[in-house]
Amino acid sequence: MAELTPEANRAARAMLKWSVRNLADNAGIAFSTVHRFESTGSATERTKEKIKAAYAAHGVEITNGDYTGARLRLDRGTS
């Protein structure tokens, strides 16, 4: 599974037009946890998994190719 970096996190938030607070609410974590991760890169693996799950639930996937990043899934919103 792709590694979540602060840069990929900011890219994913931007795709969804989410603030730090929106991400915290959707991931079920504290605002300060998201802020710290984006500022320092420090977060537990459990926290990173919660963040990635929040993005996945809204059609955004964290990727690792030549560079880390985020992308909208093509099957977004379909059942």
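Placed above this text is the structure.
Description of the structure in this document. (Residues numbered from 1 in each chain as written. Predicted model: local features only at pLDDT ≥ 70, side-chain atom pairs only at ≥ 80, totals over all residues. Heavy atoms only, no water.)

## Some words on helix α2 (residues 20-27)
Right, on to step 1. If you check which residues of α2 are buried, you get Val20, Leu23, Ala24 and Ala27. Around the axis of α2, the buried residues are gathered within 100° of arc, so they sit on the same side.
Right, on to step 2. Against α1 (6-16), α3 (31-40) and α4 (45-56) lie the buried residues of α2.
Right, on to step 3. Backbone nitrogen of Arg21 and a side-chain oxygen of the N-cap are separated by 3.3 Å at the start of α2; the cap is Ser19.
Right, on to step 4. Where α2 ends, the next residue or the one after it, Gly28, has phi of about 70°, a positive value. (Buried < 20%, exposed > 50% of the residue type's maximum accessible area, 1.4 Å probe, protein only. Helix = DSSP H or I, 4+ residues; strand = E, 2+ residues; numbered from the N terminus. Arc of directions from axis to C-beta. Contact = heavy atoms within 4.5 Å. Polar contact = N/O pair within 3.5 Å; in protein donor to acceptor, adjacent residues only side chain to side chain.)

## Topic: the environment of Lys48
Right, on to step 1. Within the secondary structure, Lys48 sits in helix α4.
Right, on to step 2. With 44 residues separating them along the chain, Lys48 and Leu4 place their C-alpha atoms 6.5 Å apart.
Right, on to step 3. With sequence-adjacent residues up to four places away left out, Lys48 is seen in contact with Glu3, Leu4, Phe37 and Ala43.

## Regarding the pattern of salt bridges
Right, on to step 1. With the rule as written, the count across this model stands at four salt bridges.
Right, on to step 2. The residue Lys52 makes a salt bridge to Glu49 at a minimum N-O spacing of 3.5 Å. Taken together, the residues span about one helical turn, with Lys52 and Glu49 both in helix α4 at a distance of three residues.
Right, on to step 3. Among the charged side chains, a network of salt bridges with common partners joins Glu3, Glu45 and Lys48. (Salt bridge = Lys/Arg side-chain N within 4 Å of Asp/Glu carboxyl O.)

## A look at the packing of aromatic side chains
Right, on to step 1. Counted by the stated rule, this structure contains one aromatic pair.
Right, on to step 2. Pairing Trp18 with Tyr55 gives two aromatic rings, centres 5.7 Å apart and planes at 25°, and the pair type is stacked. Residue Trp18 is found in the loop between α1 and α2, and its partner Tyr55 is found in helix α4; the two are separated by 37 residues along the sequence.
Right, on to step 3. The ring of Phe31 has Arg21 sitting right over it, with the charged end atom 4.4 Å from the ring centre. (Phe/Tyr/Trp six-rings, centres within 6.5 Å; stacked < 30°, edge-to-face > 60°. Lys NZ or Arg CZ within 6 Å of the ring centre and 35° of its normal.)

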